[in-house]
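Chain by chain, the residues:
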Amino acid sequence: MGGPSPSLSPSPSPSPSPNPQLTQQWLSSVLSQRGPSALPYAEDVKWLIRQHLLSLSENYPSLQPKTATYTHNDGRTVNLLQSDGTVPMLYLDVTYNIPIIIWLMESYPRHPPCVYVNPTRDMVIKRPHSHVNPSGMVSIPYLHNWVYPSSNLVDLARNLSHVFSRDPPLYSQRRPNPNPNPNPNPNPNANYNFTPNPMMGAAPTVRPVIPPRAYPPSPYGSGSGTGGGRIPPSPQRHTEDPNEVFRRNAVNKLVESLHADVGVLRKTSEAEMEGMFGAQGVLRQREEQLSRGVKELHDEKEGLEQQLQMVLMNADVLEAWLRENEVKLGNMGNLDVDNAFEPCDALSKQMLDCTSSDLAIEDTIYALDKAVQEGSISFDQYSKNVRLLSREQFFHRAMCAKLRAAQMQAQVASMAARVSSQYAM
């Protein structure tokens, strides 16, 4: 990078942004895919990823979303979302565009993305740089202090512009050009591989594979020395004040210490929150068990109350029968066996007649069964008699059911009348 200091010139205006509706439809399509082709993001945050990328493309039209293959250190490849384009940088009151790539890792947005400076062939990364390592990976405080869900890509791009304006990460390089090319644009098919900084927890020492892309005319000049814009020279040429260097190092040390403390505090808070969520789940299970137990006790109480009402009703019936038959206890010696039980009313007498007829028919059918087994009667005669007897038995049983219902109604009415007379007294 020898030679005179390159001159500055404003960066060209960015290319027109694509249709926002098409971008929105494309994001909805790729994020809704299922199966082997699905992107490796959690389902509950895909809507937030879509919103982040749409907001970024609206505020920075040069940064457009796309999918590309990312290669981890262990050789695993995964299809991820990225935003590829430029962010503006204001240096000495002149605006330049810095080419970058923002990779959304599998854990995004709960963890920060990976940002890389993507220089063209006529650009070189400043060494040393406080926020960009020699392989192009960007490390700024906003990424270290990433907080889900408040952090987003728009604020990230704004912080990148601010950081790069204070300390530009790229410079144009002079090199001989034996075959001058009238086109000052860099090779649009050039690919660049970067090795990220191991300090970043999202993807330590990884090498993303960046697909070929066409860049707009470089705002930093072609490096041929024949005119055009130039990136400002590296400030390393000037001797810095030792006090200023000491102050900056002290501030950086304090910021690193603060970042470490914030990281420890965040991990502790997350562990406490996980414990509270676990305790909350256990309490909910116990609440459900207690609710079921209370409901079972309530149902059992209602069943016992119904049984108690039935027992009290039967006790009242037995007491009434004993009071009505106490007079007959003295005449037990002269009591006829056939008249030991007398119906108390017409319904009871009819019930007794129907029940006796039913039992008599049952005995007759049993006798016919024995007779047909012994061969005393023919089968035709047996079937004819059984059919007639069964028909008669059916009518007797139906009448018993009706009489039983009528008796129950009469008992309930009698109990109601007795209770009303007691309250009247």
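Asker: Help me out: how do you make sense of helix α6 (residues 346-374) in this one?
Answerer: Along an α-helix, a turn takes 3.6 residues, which lines up residues three or four apart on a common side. If you check α6, its first and last C-alpha atoms are 42 Å apart, about what 29 residues at 1.5 Å a residue would give, namely 42 Å. Of all the positions in α6, only Ser348, Met351, Cys354, Asp358, Ile361, Ile365, Leu368 and Ala371 are classed as buried. Phi turns positive, to about 85°, at Gly375, one or two residues after α6.

Asker: Help me out: how do you make sense of the pairing of strand β3 (residues 94-104) in this one?
Answerer: Every regular strand shows the same layout, with side chains that alternate between the two sheet faces. The buried count for β3 comes to 10 of 11 residues, which makes it a mostly enclosed element. Pairing analysis gives 11 bridges linking strand β2 (residues 77-91) to β3, with the strands arranged antiparallel. When the bridges of β3 are listed, Asp84 appears paired with Ile101. Note: β3 against strand β4 (residues 114-117), four bridges, orientation antiparallel. Following the sheet pairing, Trp103 is matched in β4 by Cys114.

Asker: Quick question: what am I supposed to make of the pattern of salt bridges here?
Answerer: Pairing is possible between side chains that carry opposite charge, provided their charged atoms lie close to one another. If you walk through the whole model with that rule in mind, you get 11 salt bridges. Glu43 is the partner of Arg34 in a salt bridge, and the nearest nitrogen-oxygen pair spans 3.2 Å. Exposure remark for Glu43: the relative accessible area of 46% places this residue in the partly exposed category. One salt bridge connects Arg76 with Asp74, and the closest N-O pair in it is separated by 2.8 Å. For Asp74, a relative accessible area of 53% gives the class exposed. Each of the salt bridges in this network shares a partner with another, and the network as a whole consists of Arg34, Glu43 and Lys46.

Asker: How do you make sense of the side chain of Ser83 when you look at a structure like this?
Answerer: In this fold, Ser83 is placed in strand β2. Those residues in contact with Ser83, other than ones at most four positions away along the chain, are Leu53, Leu56, Leu63, Gln64, Pro65, Ile100, Ile101 and Ile102.

Asker: Would you mind showing me how to read the nonpolar core here?
Answerer: Most often, soluble globular proteins have nonpolar side chains that are buried together. Counting residues in each nonpolar core, the largest one holds 51 residues, and the members touching the most others are Leu81, Trp103, Leu104, Leu156 and Phe164. The dominant element in this core, judged by the number of residues it contributes, is β3, at eight residues. Ile361, Ile365, Leu368 and Val386 belong to the second-largest nonpolar core, a separate cluster that totals six residues.

Asker: I keep staring at the pairing of β2 and nothing clicks. Help me out?
Answerer: Within β2, 11 of the 15 residues are buried, which leaves it mostly tucked inside the rest of the structure. One ladder, built from eight bridges, connects strand β1 (residues 64-71) with β2; its direction is antiparallel. Looking at the pairing, Tyr70 lines up with Val78 of β2. With antiparallel pairing between neighbouring strands as the criterion, β1 and β2 make up a hairpin whose turn holds five residues, including Gly75 at a positive phi of roughly 95°. Hairpin connection, β2 to β3: the antiparallel pair is bridged by two residues, and Leu92 has positive phi, about 55°.

Asker: Looking at this structure, how should I read the packing of helix α1 (residues 20-31) against helix α2 (residues 46-59)?
Answerer: Running from N to C, α1 and α2 cross one another at 155°; their axes reach a closest spacing of 10 Å. With respect to α2, the axis of α1 lies roughly antiparallel. The handedness of the crossing between α1 and α2 comes out as right-handed. Together, Thr23, Gln24, Leu27, Ser28 and Leu31 of α1 and Lys46, Arg50, Leu53, Leu54 and Ser57 of α2 make up the contact between the two elements.

Asker: How should I be thinking about the packing of aromatic side chains in this particular structure?
Answerer: In this description, a pair of aromatic rings is defined by centroid distance and the angle of the planes. Applying the stated criterion across every chain yields a total of five aromatic pairs. Measuring from centroid to centroid gives 5.9 Å for Tyr142 and Trp146, while their planes differ by 85°, and the two rings are edge-to-face. The class of Trp146 is buried, set by a relative accessible area of 2%. By way of ring pairs, the aromatic residues Tyr108, Tyr142 and Trp146 are connected into one cluster. The ring of Tyr148 is capped by Arg110, whose NZ or CZ atom sits 5.1 Å from the centre of that ring.

Asker: Would you take a moment to explain α1 for this structure?
Answerer: The first and last C-alpha atoms of α1 sit 16 Å apart over 12 residues, in line with the 16 Å expected at 1.5 Å per residue. The set of residues buried in α1 consists of Thr23, Leu27, Val30 and Leu31. Buried residues of α1, viewed axially, fall in a sector of 90°; they line one side. With respect to the buried face of α1, the exposed residues turned more than 90 degrees away are Gln21 and Leu22. Buried residues along α1 sit against α2, β1 and β2.

Cut-offs used in this document
Residues numbered from 1 in each chain as written. Predicted model: local features only at pLDDT ≥ 70, side-chain atom pairs only at ≥ 80, totals over all residues. Heavy atoms only, no water. Helix = DSSP H or I, 4+ residues; strand = E, 2+ residues; numbered from the N terminus. Expected span 1.5 Å × (residues − 1). Buried < 20%, exposed > 50% of the residue type's maximum accessible area, 1.4 Å probe, protein only. Pairing = 2+ DSSP bridges. Salt bridge = Lys/Arg side-chain N within 4 Å of Asp/Glu carboxyl O. Contact = heavy atoms within 4.5 Å. Core = buried A, V, L, I, M, F, W, Y, C linked by side-chain atoms within 4.5 Å. Axes fitted to C-alpha atoms, helices over the stretch in contact; angles between N-to-C directions. Parallel < 35°, antiparallel > 145°, perpendicular 65-115°, else oblique. Left-handed = near helix turned anticlockwise from the far one by under 90°. Phe/Tyr/Trp six-rings, centres within 6.5 Å; stacked < 30°, edge-to-face > 60°. Lys NZ or Arg CZ within 6 Å of the ring centre and 35° of its normal. Arc of directions from axis to C-beta.

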